[in-house]
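The primary structure of each chain is shown beneath.
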Amino acid sequence: MKHELAREWLRAAYSDIVVLHKIVDDEYITHMTAFHSQQAIEKILKAILEYHSDEVPKKHDILMLKDRVMPYLQIDNEDLFEDLNALYIDSRYPGNMGLLPYGKPTLKDAKEFYDFTNAFFIEVCELLNIELKDIRE
């Protein structure tokens, strides 16, 4: 059961990654690339918690979720997590829609978010022994 729930979280994350793949090169919507990156990472972290039968909080704070999965996985890119976490929270208000502390994410930022999210997804699928073909079904 725990593996199936983890797989469902990864399926949900994969949907965001498919969107990311389609929009990552569009400079106009770099804030949406950042948003979908945050969403995918949140779901990936929740998949890890589900897999290990930990309580999955109904929170969107990926820094808190990252801390909760540290016993199972080492995550080194703290700055990226902080940027995406702040962006997600701030994007809930119109004046800050998808802004990093220095403004709208650049195309370079968007590609960095996408690359990290995609690599993190693959790493976690391998860690949880869940094949991509099982996610796509």
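Structure: above.
Keep in mind that what you see is a predicted model, and the values were worked out from it rather than measured.

Engineer: Sorry if this is basic, but what is going on with the pattern of salt bridges here?
Structural biologist: When the charged atoms of two side chains lie near each other, side chains of opposite charge can form a pair. All told, the structure shown has nine salt bridges when counted by the stated rule. One salt bridge connects Arg-11 with Glu-8, and the closest N-O pair in it is separated by 2.2 Å. Residue Arg-11 and its partner Glu-8 are both found in helix H1 (residues 2–23); the two are separated by three residues, about one turn of the helix. Its salt-bridge partner being Asp-134, residue Lys-133 comes within 3.4 Å of it at the nearest N-O pair. Members of the salt-bridge network, linked through shared partners, are Glu-4, Arg-7, Glu-8 and Arg-11.

Engineer: What exactly am I supposed to notice about the nonpolar core here?
Structural biologist: Inside soluble globular proteins, nonpolar side chains tend to come together where they are buried. Ranked by size, the top nonpolar core spans 36 residues in total, and within it Leu-10, Ile-41, Leu-45, Phe-120 and Phe-121 carry the most contacts. Mapped by element, the contributors of at least two residues to this core are H1, helix H2 (30–51), helix H3 (62–69), helix H4 (78–90) and helix H5 (107–127). Top contributing element to this core by residue count: H2, with nine residues. Discounting residues that sit within four places of it in the chain, Leu-10 has contacts with Ile-44, Ala-47, Phe-121, Val-124, Cys-125, Leu-128, Ile-130 and Ile-135.

Engineer: Quick question: what am I supposed to make of the side chain of Thr-33 here?
Structural biologist: Among the secondary structure elements, Thr-33 is positioned in helix H2. With a relative accessible area of 0%, Thr-33 lands in the buried category. Once residues within four sequence positions are removed from consideration, Thr-33 is found in contact with Leu-20, Ile-23, Val-24 and Ala-110.

Engineer: What should I look at first to understand H2 in this one?
Structural biologist: The α-helix advances 3.6 residues per turn, and as a result positions three or four apart in sequence lie on the same side. Helix length check: H2, at 22 residues, gives a terminal C-alpha distance of 32 Å against a target of 32 Å (1.5 Å per residue), a fit within 8%. The buried fraction of H2 is high, at 20 of 22 residues. Looking at the residues trailing H2, positive phi occurs at Ser-53, about 60°.

Engineer: When you look at the environment of Trp-9 in this model, what are you seeing that I'm missing?
Structural biologist: Residue placement: Trp-9 occurs in helix H1. Counting along the chain gives 35 residues from Trp-9 to Ile-44, while the straight-line C-alpha distance between them is 6.5 Å. Leaving out residues up to four positions away in the same chain, Trp-9 has contacts with Lys-43, Lys-46, Ala-47, Glu-50 and Val-56.

Rules used in this analysis
Residues numbered from 1 in each chain as written. Predicted model: local features only at pLDDT ≥ 70, side-chain atom pairs only at ≥ 80, totals over all residues. Heavy atoms only, no water. Salt bridge = Lys/Arg side-chain N within 4 Å of Asp/Glu carboxyl O. Helix = DSSP H or I, 4+ residues; strand = E, 2+ residues; numbered from the N terminus. Core = buried A, V, L, I, M, F, W, Y, C linked by side-chain atoms within 4.5 Å. Buried < 20%, exposed > 50% of the residue type's maximum accessible area, 1.4 Å probe, protein only. Contact = heavy atoms within 4.5 Å. Expected span 1.5 Å × (residues − 1).

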